[in-house]
Amino acid sequence: MKILGLSAGTKNGINDSMCKEALMGARESGADIEFIRLLDLNIKHCTGCVTCSKALISGRGNMCALKDDFDWLFNKMLNADGIVLVSPIFESGTSGIVHTITDRIGPRMDRGINETAKKIAEATGGKAPDERIFKDKVISFMGIGGSDWGSLIQMDHAMLAMSPMWKVIDNDWFKWAKSILTNDKDVIRAHEIGIHIAEAAKDIPNAKYQGKPGVCPHCHSNNFYIVPGTDKAICPVCGLEGKLTVENGSAKVTYPDSQLPLAHDTLSGKFRFKHADDIKNLETKYAKIRKDPAYIAKVNNYKSFISASKPEK
Ligand SMILES: Cc1cc2nc3c(=O)[nH]c(=O)nc-3n(C[C@H](O)[C@H](O)[C@H](O)COP(=O)(O)O)c2cc1C
């Protein structure tokens, strides 16, 4: 059983150390471990070219148009049974590199799109997505803050797991980074997170979330979009739409039973929203529109209006 530790921090900084502490816990529980510092890699931003989605829905397998170290990382992630991802908190949420990884795996690893792509490949004799994409996996997150600003971190991290449908085991954040390594409680917690992920990886079908219950009873998110002027609360991670109430001074969101099969982190939810079909229909429609002279004239109008400034080389 393999546990991969990913740190988005500076070399030998607090994030690296907390990630390694979790890996020590995982190794104690019998895991083979590997550690990667994300900033050692050359990982470009997703450009939004949608090559990955187009390839999947046209039976050409799972790919990305960008050529950098991402495929190396992608393979390491696919080969692991469990992942511990540790990121510095930047502007209350996760760091840029983790946002980029979330974007790079978003459509490409979406379980629903890949399930649909597998069927398309079977029907057309095309290339099926890599089988490792369909393997269940567990993941835990630690956000490390220099102060106590971190109200977006757990949501950002849970989003990374949502598209591939990896099970989240722990999703914690730690405050006052400079004193963390001298604070036994935090170090012990990182070690425990490592033990939890290794134990979860031994029995993934029965693995369960080990953290504190969140306000969202489905995915444990503590962030919500409140529709203005209503008591409607939408969970930004799993997408469920519920009702916000306050009971004994404590905020609660409850969902009707009909919502649960629609959660974005379930296959029923992914198929219910027919995301793969939407992409296919939109791409087919857009391919036609792009050849229309009226559309070409519109685009040319913007093209000729102003060009983008760039630094001189
Ligand atoms: C650009 C930037 C933004 C930051 N924003 C936050 C923040 O919103 N909340 C917080 O608690 N710490 C914030 N920090 C502090 C970092 O989270 C902290 O320095 C980091 O976790 C230290 O990790 P390292 O020792 O592994 O490099 C920020 C740091 C930087 C550089």
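Scroll up to find the structure this text is about.
Residues numbered from 1 in each chain as written. Predicted model: local features only at pLDDT ≥ 70, side-chain atom pairs only at ≥ 80, totals over all residues.

Peer 1: Give me the lowdown on the overall build of the protein, citing residues and values where you can.
Peer 2: Per the secondary structure count, the protein includes ten helices and nine strands. What you see for the protein is a C-alpha radius of gyration of 21 Å, in line with the 20 Å of a compact globule of 313 residues. Structurally, the protein occupies a C-alpha span of about 65 × 50 × 45 Å along its principal axes. Intrachain contacts of the protein at a sequence separation of at least 6 include 69% that bridge at least 24 residues. (Helix = DSSP H or I, 4+ residues; strand = E, 2+ residues; numbered from the N terminus. Rg over C-alpha atoms; globule rule 2.2 N^0.38 Å. Contact = placed C-beta atoms within 7 Å.)

Peer 1: Help me get a handle on the site of the ligand, residues and values and all.
Peer 2: Lining the immediate surroundings of the ligand are 18 residues, of which Gly9, Gly13, Pro88, Gly145 and Gly146 lie closest. In terms of residue count, the dominant contributor to the shell around the ligand is helix α1 (residues 14-28) (three residues). Classifying every residue of the shell around the ligand gives seven nonpolar, nine polar and two charged. (Near = placed C-beta within 6 Å. Nonpolar A, V, L, I, M, F, W, Y, C, P; charged D, E, K, R; others polar.)

Peer 1: How would you sum up the pairing of strand β5 (residues 167-174)? Please name residues and give values.
Peer 2: Counting buried positions along β5 gives seven out of eight residues, so the element sits mostly inside the fold. Taken together, the six bridges between strand β4 (residues 138-144) and β5 define a ladder with parallel strand orientation. What sits directly across from Phe141, in β5, is Asn171. (Buried ≥ 20, exposed ≤ 12 C-beta atoms within 10 Å, placed from the backbone. Pairing = 2+ DSSP bridges.)

Peer 1: Describe the nonpolar core, listing the residues and the values that go with them.
Peer 2: Counting residues in hydrophobic clusters, the biggest one holds 64 residues, and the most contacted among them are Ile3, Met18, Val84, Val86, Ile139 and Ile197. Counting residues in each nonpolar core, the second largest holds six residues, with Ala55, Leu56, Ile57 and Ala117 among its members. (Core = buried A, V, L, I, M, F, W, Y, C linked by C-beta atoms within 7 Å.)

Peer 1: Outline the packing of α1 against helix α7 (residues 184-202), supporting the account with residue identities and numerical values.
Peer 2: As a packed pair, α1 and α7 sit with axes 7 Å apart at the nearest point and diverge in direction by 45°. Classed by the angle they form, the pair α1 and α7 counts as oblique. Both α1 and α7 take part in a crossing whose hand is right-handed. Facing α1, whose interface residues are Met18, Glu21, Ala22, Leu23, Met24, Gly25, Ala26 and Glu28, α7 presents Val187, Ala190, His191, Glu192, Ile193, Gly194, Ile195, Ile197 and Ala198. Classifying every residue of the contact of α1 with α7 gives eleven nonpolar, three polar and three charged. (Axes fitted to C-alpha atoms, helices over the stretch in contact; angles between N-to-C directions. Parallel < 35°, antiparallel > 145°, perpendicular 65-115°, else oblique. Left-handed = near helix turned anticlockwise from the far one by under 90°.)

Peer 1: Got a sec to walk through the pairing of strand β8 (residues 241-247)? Specific residues and values, please.
Peer 2: Here strand β7 (residues 232-234) runs beside β8; their pairing, made up of three bridges, is antiparallel. By the bridge assignment for β8, Ile234 is matched with Glu241. The antiparallel pairing of β7 with β8 creates a hairpin that spans six residues between the two strands, and Gly239 there sits at a positive phi of about 80°. Note: β8 against strand β9 (residues 250-254), five bridges, orientation antiparallel. Note that in β9 the partner of Thr245 across the bridge is Lys252. Hairpin connection of β8 to β9: two residues between the antiparallel strands, including Asn248 at a positive phi of 50°.

Peer 1: Go over unusual backbone geometry, please, and point to the residues and values.
Peer 2: One non-glycine residue with positive phi stands out, namely Val50, at about 55°. For Val50, the position within the fold is in the loop between β2 (32-37) and α2 (51-57). We classify Val50 as partly exposed; it has 17 C-beta atoms within 10 Å. Here His220, not a glycine, exhibits a phi torsion of approximately 70°, which is positive. Relative to the elements of secondary structure, His220 occurs in the loop between α7 and β6 (225-226). By the C-beta count within 10 Å, which is 19 here, His220 ends up partly exposed.

Peer 1: Give a description of the sheet that holds strand β3 (residues 82-88) that names residues and reports values.
Peer 2: What the five strands build is an open sheet, ordered β2-β1-β3-β4-β5; its pairing is parallel. Two strands close off the open sheet at either side, each with one partner strand: β2 and β5. Going from strand to strand, the sheet's axes swing by 15° on average, the running direction of each strand aside. Contacts from helix α6 (residues 153-162) reach β3, β4 and β5, with the element oriented near 155° to β5.

Peer 1: If you had to explain the environment of Leu262 to someone new, which residues and values would you point to?
Peer 2: Here Leu262 shows up in the loop between β9 and α8 (267-272). Between the C-alpha atom of Leu262 and that of Glu241, which follows or precedes it by 21 residues, the distance is 9.5 Å.

Peer 1: Help me get a handle on α7, residues and values and all.
Peer 2: Relative to the 27 Å expected for 19 residues at 1.5 Å per residue, α7 spans 27 Å between its end C-alpha atoms, a close match to the ideal helical length. Regarding α7, the residues found buried are Asp186, Arg189, Ala190, Ile193, Gly194, His196, Ile197, Ala198, Glu199, Ala200 and Ala201. Looking at the buried residues of α7, the elements they touch are β1 (2-7), α1, β3, β4 and β5. (Expected span 1.5 Å × (residues − 1).)

Peer 1: Requested: an account of the sheet that holds β9, with residues and values cited.
Peer 2: In spatial order, the strands read β6-β7-β8-β9; together these four strands make up an open sheet with antiparallel pairing. Edge positions in the sheet fall to β6 and β9, since each has one partner strand and no second.

Peer 1: A description of helix α3 (residues 70-79) should follow, citing residues and the corresponding values.
Peer 2: Think of an α-helix as 3.6 residues a turn; residues three or four steps apart then line up on the same face. All of the buried residues in α3 are Phe70, Phe74 and Met77. Across the axial projection of α3, the buried residues extend over an arc of 65°, all falling on one side. The exposed residues of α3 that point more than 90 degrees off its buried face are Asn75 and Asn79. In this structure, the buried side of α3 is in contact with β1, β3 and α4 (96-109). (Arc of directions from axis to C-beta.)

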